[in-house]
Amino acid sequence: MAIPTSRDQAEEMDQQDPLRALRDQFVLDDGVIYLDGNSLGPPTKAVLARLRQTAEAEWRRDLIKSWNTAGWIDLPRTCGRKIASVIGVDADDVLVCDSVSVNIFKLVSALWSQAPGPIAYCRGEFPTDGYILQGFARLTGALLHTLPDAGPEVIDGNANIVIKSVVDYKSAAVTNISAWEQAAAAHDVAIIWDLSHAAGLLDLKLKQAGARYAVGCGYKFLNGGPGAPAYIYADKAAAEKLAQPLSGWMGHARPFEFADDYTPAEGAGRFACGTPSILSLSALDAALDIFDDVSMSAVEVKAATLGDLFLTRCTQFGLESIAPAISKKRGGHISVRHPNGYEIVQALIAKGVIGDFRPPDLMRFGLSPLYIQYTDIWDATSMLEEILSSEMWRDPKFAERKAVV
């Protein structure tokens, strides 16, 4: 798709955008260009309405009856089926539960118990993946390797289990899932895919690519709200052979028989643990409805064009990017370098352009195609250029470090 060379052209592309009607479903304040949906997606109108319904009617009025009458007990599966359609796997092979970190631990533990051996992660990717494997290695004595930033050739049989991000959280580089899974199959290696920066943005076809295990969060491109529950994908045939370590009552085949001994549920259901968080699940359930009639291929194409426009504009005023180049496959964010990146991001936020910062010098901007317009990118980069040329970022107030960056 052509990259606009003027704001008028960007506006024309907005008018022709097949996804343009979706923006009206989100609650976004006037005067704000929100480029941080890769960290926390904004709410849809349906989400806020659903939260009111769940709190004021189902919880306040119907109380415990709502586990049955409002379908609370089914929400982990209901949300899982919706996510399954977004990531390209069978409907019953995804369960919404816990956090990405906890779900990584459950999958690694289950796989390692089946075939003890070395485990590995890619250094430089999102820290929680490595942190969990480091803790698991301390707990079990498993040998832990780190893999270089390279292609599927690093899968050489020296580790039984590997965790790998589909989209790098800094560069937005996209991993070739099929190539990695082919290498893994040749060496009898299990890959756990982290979909946190990919689901809801890329046209994922995990099952077709040979993926058997994955985790991901619900609060980024899926727009499920702050702290939204995560999900776990396990191909049913593979899951049936696994015994996950956190064998809580909700992972039991028949939890309300209250048997003394544990019998795992079928497939991905065995990865449930404790009582699900209903307010969070209700929000995520409503958020996922926006994907019902959305073409994920159209989402991916628009994300690429938004990124190409952002990169083109930043190149024009001398900013270096670590993202894959124009026309190359990438995720839904662009990271550009500047030694005073933190201060510049804070100055942008003061002007209504919300991005984020990643140490040591990366300004990161999320480009969610469901609500970001081409004119948003034009205006945001114009503001970025103005802040750079005026050196507005030098105001001492922008150097004050906040707890969350």
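Residues numbered from 1 in each chain as written. Predicted model: local features only at pLDDT ≥ 70, side-chain atom pairs only at ≥ 80, totals over all residues. Heavy atoms only, no water.

Topic: the environment of Ala 186
Link 1 in the chain: Summarising the element assignment, Ala 186 is placed in helix α7 (residues 177-186).
Link 2 in the chain: Between the C-alpha atoms of Ala 186 and Asp 93, which are 93 residues apart in sequence, the distance is 24 Å. (Helix = DSSP H or I, 4+ residues; strand = E, 2+ residues; numbered from the N terminus.)

Topic: the sheet that holds strand β9 (residues 320-321)
Link 1 in the chain: Taken in spatial order, the four strands line up as β9-β10-β13-β12 in an open sheet, and their pairing is antiparallel. The open sheet is flanked by β9 and β12 (356-358), the only strands paired with a single partner.
Link 2 in the chain: Bridging between β12 and strand β13 (residues 362-366) involves three bridges; their strand directions are antiparallel. Opposite Arg 358, over in β13, you have Leu 362 as the bridge partner.
Link 3 in the chain: Contacts from helix α11 (residues 296-316) reach β9, β10 (333-337) and β13, with the element oriented near 15° to β10. (Pairing = 2+ DSSP bridges. Contact = heavy atoms within 4.5 Å. Axes fitted to C-alpha atoms, helices over the stretch in contact; angles between N-to-C directions.)

Quick look at the pairing of β13
Link 1 in the chain: Summarising burial for β13: five of the five residues are buried, a large majority.
Link 2 in the chain: Neither face of β13 is open: one carries Leu 362, Arg 364 and Gly 366, the other Met 363 and Phe 365, and all of them are buried.
Link 3 in the chain: Where β10 lies against β13, five bridges are found, and the strand directions are antiparallel. When the bridges of β13 are listed, Ile 334 appears paired with Phe 365. (Buried < 20%, exposed > 50% of the residue type's maximum accessible area, 1.4 Å probe, protein only.)

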